[in-house]
Amino acid sequence: MMGKLRKAWQARTPRERAVLAALGVVLAAALLVSLVQAAGHARSRLRPSVMALQEQLVQLEQQAGEIERLRAAPAATVSQSDLRSLVQAQIGADLSRALVRIDAPDPDRVEVVFGAVAFSDWLRWVSGLKAQNVRVAASRIEALTSPGVVSVTATLVRANRR
C-alpha cells in the first residue's frame, strides 16, 4: 500500500506535489480551526453545569462535615423519667385543647388520642418527641371535614437504646 502511494507521489511533477502539499496544509488548518470552534462552543454550553456542580460539591462537603460532627457528638440519653409525664410535657397549648385521652399501659408505652388537631401541629409534635427518643409505634389518623384537621390515635414508645 505504501509502495503504491510512494510511486503515485513520485509520478507527480514537482508543481503538482507543491499544490497537493499546500492543499493538505490548508485542509489541516481548516480542520484545526473547526475543532477549536467546536471545543469553544462546547465549553460555553458546559460552563453553567460545571458551576452548578461546583456549588453542589461545596454543599456536599458541608453536609459531610455536619455528618462527621454529628457522629462525633455523644449520643442523646433516653430520659429515665416516666414516659407519660415526658409526653405530657411535650404537648403544647395547641395540642392540649385537642387531647382527649392519654394512657400509659406500661412505663415505656403511652397511648394518646387527639380529637381535632391540625396535621402540621401533630407532625411538629412528633418531630419534637423524636429528639426525646420517643417514636410512634402505631397510629391511626383520620381526616376530618375541615381542611388540614385530623383525629389521631397513636401509641408512643421509647426508642431502642443502641
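Here, every reference points to the structure presented above.
Residues numbered from 1 in each chain as written. Predicted model: local features only at pLDDT ≥ 70, side-chain atom pairs only at ≥ 80, totals over all residues. Heavy atoms only, no water.

## Some thoughts on the packing of aromatic side chains
Scanning all chains against the criterion turns up three aromatic pairs. Between the aromatic rings of Phe114 and Trp122, the centroid separation amounts to 5.9 Å while the plane-to-plane angle is 65°, which identifies the pairing as edge-to-face. Residue class for Phe114 comes out buried when judged on its relative accessible area of 1%. With 5.4 Å between their ring centres and 75° between their planes, Phe114 and Trp125 make a pair best called edge-to-face. A residue pair is termed long-range when its members are at least 10 positions apart, and Phe114 in strand E2 (residues 109-118) and Trp125 in helix H5 (residues 119-131) qualify at eleven residues. As far as burial versus exposure is concerned, Phe114 and Trp125 are alike and both buried. (Phe/Tyr/Trp six-rings, centres within 6.5 Å; stacked < 30°, edge-to-face > 60°. Buried < 20%, exposed > 50% of the residue type's maximum accessible area, 1.4 Å probe, protein only. Helix = DSSP H or I, 4+ residues; strand = E, 2+ residues; numbered from the N terminus.)

## Comments concerning the sheet that holds E2
An order of E1-E2-E4-E3 is seen for the four strands of this open sheet, with the pairing classed as antiparallel. Looking at the sheet topology across the chains shown, the edges are occupied by strand E1 (99-106) and strand E3 (134-143). In this sheet, neighbouring strand axes are inclined to one another by 15° on average, regardless of whether the strands run parallel or antiparallel. Pairing geometry for E2 and strand E4 (residues 149-158), over eight bridges, is antiparallel. Each bridged residue has a counterpart across the sheet, and for Phe114 the counterpart in E4 is Val152. Packed on one face of the sheet, helix H3 (residues 83-90) meets E1, E2, E3 and E4 and runs near 20° to E2. Across the sheet, H5 is in contact with E2, E3 and E4; its angle to E2 comes to roughly 155°. (Pairing = 2+ DSSP bridges. Axes fitted to C-alpha atoms, helices over the stretch in contact; angles between N-to-C directions. Contact = heavy atoms within 4.5 Å.)

## Considering the pattern of salt bridges
Side chains carrying opposite charge are able to pair once their charged atoms draw close together. Across all of its chains, the model carries seven salt bridges by this definition. Note that Arg109 is salt-bridged to Asp106, the shortest N-O span being 3.8 Å. On the basis of relative accessible area, Arg109 is assigned to the partly exposed category, the value being 31%. (Salt bridge = Lys/Arg side-chain N within 4 Å of Asp/Glu carboxyl O.)

## Side note on H5
The first and last C-alpha atoms of H5 sit 19 Å apart over 13 residues, in line with the 18 Å expected at 1.5 Å per residue. Those residues of H5 lying buried are Asp121, Trp122, Trp125, Val126 and Leu129. Projected onto a plane normal to the axis of H5, the buried residues spread over an arc of 135° and lie on a single side. Exposed residues on H5 whose side chains face more than 90 degrees from its buried face are Arg124, Lys130 and Ala131. At its buried positions, H5 is contacted by H3, helix H4 (93-98), E2, E3 and E4. (Expected span 1.5 Å × (residues − 1). Arc of directions from axis to C-beta.)

## A few points about the nonpolar core
Counting residues in each nonpolar core, the largest one holds 20 residues, and the members touching the most others are Val87, Val112, Phe114, Val117, Trp122 and Trp125. Only H3, H4, E2, H5 and E4 provide two or more residues apiece to this core. Discounting chain neighbours no more than four positions away, the residues touching Val117 are Leu95, Ala98, Trp122, Gly148, Val149, Val150 and Val152. (Core = buried A, V, L, I, M, F, W, Y, C linked by side-chain atoms within 4.5 Å.)

## As for the pairing of E3
Pairing geometry for E3 and E4, over nine bridges, is antiparallel. Bridge pairing in E4 links Ala143 to Val150.

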